[in-house]
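# A structural walkthrough
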Amino acid sequence: MKMMNNAIKLTILFILVITVVLVVQHKRNEPRVYVIHSYNTDLSWVNSIDEGILSKLKSDLPSAQVRFHYMDLINHNGCNFRRRSTRDVLYGINDWKPDYILLVDDLAQQLIGAHYLAYEDKHFPKQSLAEQLFLQDCPGQNVDFYQQTYQKDWDALPQIVFAGVNYSVEPYGYFEAVNTQGIYEHKNFLSLSETLLDLSRYCGDERAIAVLPLNDNSTTAQREVVGFRQYSWFPLQLIEPATVDTFDQWKQQVEIANANQAMLLIANYQQVKTQAGSNQFVPANQLVNWTMANAKYPVLGAGTNFVDDGGMITVAIAGQEQGKELVNLMKLGRQEVALVDSGVKRAEQFLVGLAARKVKQFCNNRLPAIYQAYAKETGLYRFEDVSEVLYVEP
C-alpha cells in the first residue's frame, strides 16, 4: 500500500512538472506586443498600419498578446500634454513588461524608443537620451518620471521595432543599439514625380512647369526637405521647398507657386498655426480645401489623409506594408551588432488616392484611364468619395 501511495504521489508530481513545463512553454509562445502610435485613429494611416499588424500577427503569431496605445500628439501642441502622454506610456511599459515595442512615427521614437536601447557595451548614461531629446523641445519641463521608469536591466530590455520614420533614426540613438529594427517611411519620389507629370499634362487650363513642396514646420517636414531638394524633378523645375509656421505664410507660398506656374506637393499640413504665437492649428480639411480653391495649378498630396481632407489626389506610402513589416522584423530578435542605416528596410508599396468628383472638376476627367480603370476593377472606385489603389513596385 505504501509503495502504491508513493507511486501515486510520484505520478501527481510528474503531472505537475509537465503542466508547469507546458505552461512555461505556452507563455514563451505568447509574446507580449505593445504597439504605440504617435497619433490617433482619426488618421487613416494609423488604422491602415494596425490592419497590417493584426493580419500578420493572426497568420504568423496567433497566440501573441497585443495592446495598442495612441499618444494623439498630432492633435495637441503643448509640452504638458506631451509629458503626460509620454509618462502614461512609460508607466504602461514598466507595468506590462512587453517583449516587443512597436513604435510608429517619429515622435514615438523620440519620446519612447530612445528610452529602452540596449548597447553592445551594456553602458547606461546618467541621463537617458529620451530625456535629453524631450528637454530640447520642452525646456523646463518636469521629467522626473524618466528616472522613475528608466530601464537599466540590459537583459530585460524589449525588442524595439519602428515604422513611419521619415528621415533617419540616427537622432534617437538607434544606430548604437542592438535591439532595434525597422522600416522607413521615405517618400516614393519616382511615383510622385510621375504623377506630377501626368497632372501637368492633363489638368488645368495652363500647363504647369514647376513643383513647390509645401509643408508645415513640424520636425518631420523639416527633415524631409533634404529629400525634396536632392531628387531630380526634371523636366519640372523645383521651386525651393517651404516649411511654414502659420496660415498666412502658407497663403504666401501658394501665391509664389501660382506666380511660378508651379504645382504644389503637400505631405505634412496638420500643424499650421492659425496665427503667429498661437497653439491652435488650422483644421486640416479647412487648410486643404482653401488650398484647392486658391491654387491655379494642380495640387498633389503625399499622405494617406490628403484626399479625405479635401484634396484631389495623393500618392502615399502604404500603411499596411509598414504594419506587416513590423511583425516580420519583430521575429528577428535581438541582433549581435548595432543597427546601421543600410539595415533599415525601405518601403516598397504606395497608395494612390483619388477623389473622383474633383478629378472631373479640376482635370475634366482627363487623367490616364489606368487610375480609374484599376480602381473600378478592384471595387475601390467611388465617385462621391475616395478611392485608394494599391500599386506594388516590381
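Anyway, here's the lowdown on the structure attached to this text. (Residues numbered from 1 in each chain as written. Predicted model: local features only at pLDDT ≥ 70, side-chain atom pairs only at ≥ 80, totals over all residues. Heavy atoms only, no water.)

The next point concerns the nonpolar core. In terms of nonpolar packing, the biggest core is built from 60 residues, with Ile-36, Leu-102, Ile-112 and Tyr-174 touching the most fellow members. Among residues more than four places away in sequence, those in contact with Leu-102 are Val-33, Tyr-34, Val-35, Ile-36, Ile-53, Val-161, Leu-326 and Met-330. Judged by nonpolar contacts, the second largest core, of 50 residues, contains Phe-189, Val-254, Val-288 and Leu-354. (Core = buried A, V, L, I, M, F, W, Y, C linked by side-chain atoms within 4.5 Å. Buried < 20%, exposed > 50% of the residue type's maximum accessible area, 1.4 Å probe, protein only. Contact = heavy atoms within 4.5 Å.)

Turning our eyes to something else, we now look at helix α10 (residues 284–294). Residues spaced three or four apart along an α-helix face the same direction, because each turn holds 3.6 residues. Within the span of α10, buried status applies to Ala-284, Leu-287, Val-288, Thr-291 and Met-292. Along the long axis of α10, the arc covered by the buried residues comes to 130 degrees, so they all point the same way. Structurally, α10 contributes buried residues whose contacts are with α9 (247–259), β9 (262–266), β10 (299–301) and α12 (356–363). (Helix = DSSP H or I, 4+ residues; strand = E, 2+ residues; numbered from the N terminus. Arc of directions from axis to C-beta.)

For any two helices packed against each other, one specifies the inter-axial angle together with the distance between the axes. At a minimum axis separation of 6 Å, helix α2 (residues 44–60) and helix α11 (residues 319–330) run at an interaxial angle of 40 degrees. Here α11 runs oblique to α2, going by the angle between their axes. Remark: the crossing between α2 and α11 carries right-handed chirality. Note on element contacts: α11 touches α2 through Gly-319, Gln-320, Gln-322, Gly-323, Lys-324, Leu-326, Val-327, Asn-328 and Met-330, opposite Trp-45, Ser-48, Ile-49, Glu-51, Gly-52, Ile-53, Ser-55, Lys-56, Leu-57 and Asp-60. Partitioning the contact of α2 with α11 into residue classes produces seven nonpolar, eight polar and four charged. (Axes fitted to C-alpha atoms, helices over the stretch in contact; angles between N-to-C directions. Parallel < 35°, antiparallel > 145°, perpendicular 65-115°, else oblique. Left-handed = near helix turned anticlockwise from the far one by under 90°. Nonpolar A, V, L, I, M, F, W, Y, C, P; charged D, E, K, R; others polar.)

Per the stated rule, a full pass over the model turns up 10 aromatic pairs. Ring geometry for Phe-162 against Tyr-174: centres 5.4 Å apart, planes inclined by 45 degrees, an arrangement best described as tilted. Here Tyr-174 lies in the loop between β4 (159–165) and β5 (180–184) and Phe-162 lies in strand β4, a separation of 12 residues in the sequence. Counting every residue linked through ring pairs, the aromatic cluster contains Phe-162, Tyr-172, Tyr-174 and Tyr-184. Over the aromatic face of Phe-247 sits the side chain of Lys-251, whose NZ or CZ is 4.4 Å from the ring centroid. (Phe/Tyr/Trp six-rings, centres within 6.5 Å; stacked < 30°, edge-to-face > 60°. Lys NZ or Arg CZ within 6 Å of the ring centre and 35° of its normal.)

With that out of the way, let us pick up the environment of Gln-109. Structurally, Gln-109 is set in helix α4 (residues 106–111). Each C-alpha atom, one on Gln-109 and one on His-37, is 9.6 Å from the other, the two residues being 72 residues apart in sequence. Each residue touching Gln-109, except ones within four places of it in the same chain, is listed here: Leu-103, Val-104, Ala-114, Phe-162, Ala-163, Val-165, Tyr-172 and Tyr-174. A polar contact of 3.0 Å, which involves the side chain of Gln-109, links it to the backbone oxygen of Leu-103. (Polar contact = N/O pair within 3.5 Å; in protein donor to acceptor, adjacent residues only side chain to side chain.)

Within this structure, the stated rule accounts for nine salt bridges. A salt bridge links Lys-56 to Asp-60, with the shortest nitrogen-to-oxygen separation between them at 3.4 Å. In this pair, Lys-56 and Asp-60 are both assigned in helix α2, four residues apart and thus about one turn of the helix distant. As a salt-bridge pair, Glu-224 and Lys-187 come within 2.6 Å of each other at their nearest N and O atoms. A residue pair is termed long-range when its members are at least 10 positions apart, and Glu-224 in helix α8 (residues 219–230) and Lys-187 in the loop between β5 and α7 (189–202) qualify at 37 residues. Each member of the pair, Glu-224 together with Lys-187, is buried. Connected via shared salt-bridge partners are Lys-56, Asp-60 and Lys-331. (Salt bridge = Lys/Arg side-chain N within 4 Å of Asp/Glu carboxyl O.)

Inspection of every chain in the model, using the stated rule, returns two disulfides. Between the sulfur of Cys-79 and that of Cys-138 lies a disulfide, 2.1 Å long from S to S. Between Cys-79 and Cys-138 the disulfide shows an S-S torsion of about -85 degrees. By sign, it is left-handed. Of this pair, Cys-79 sits in helix α3 (residues 79–96) while Cys-138 sits in the loop between α5 (129–137) and α6 (144–149), and the two are 59 residues apart along the sequence. In the protein, the cysteines engaged in disulfides, taken in order along the sequence, are linked 1-2, 3-4. (Disulfide = S-S within 2.5 Å.)

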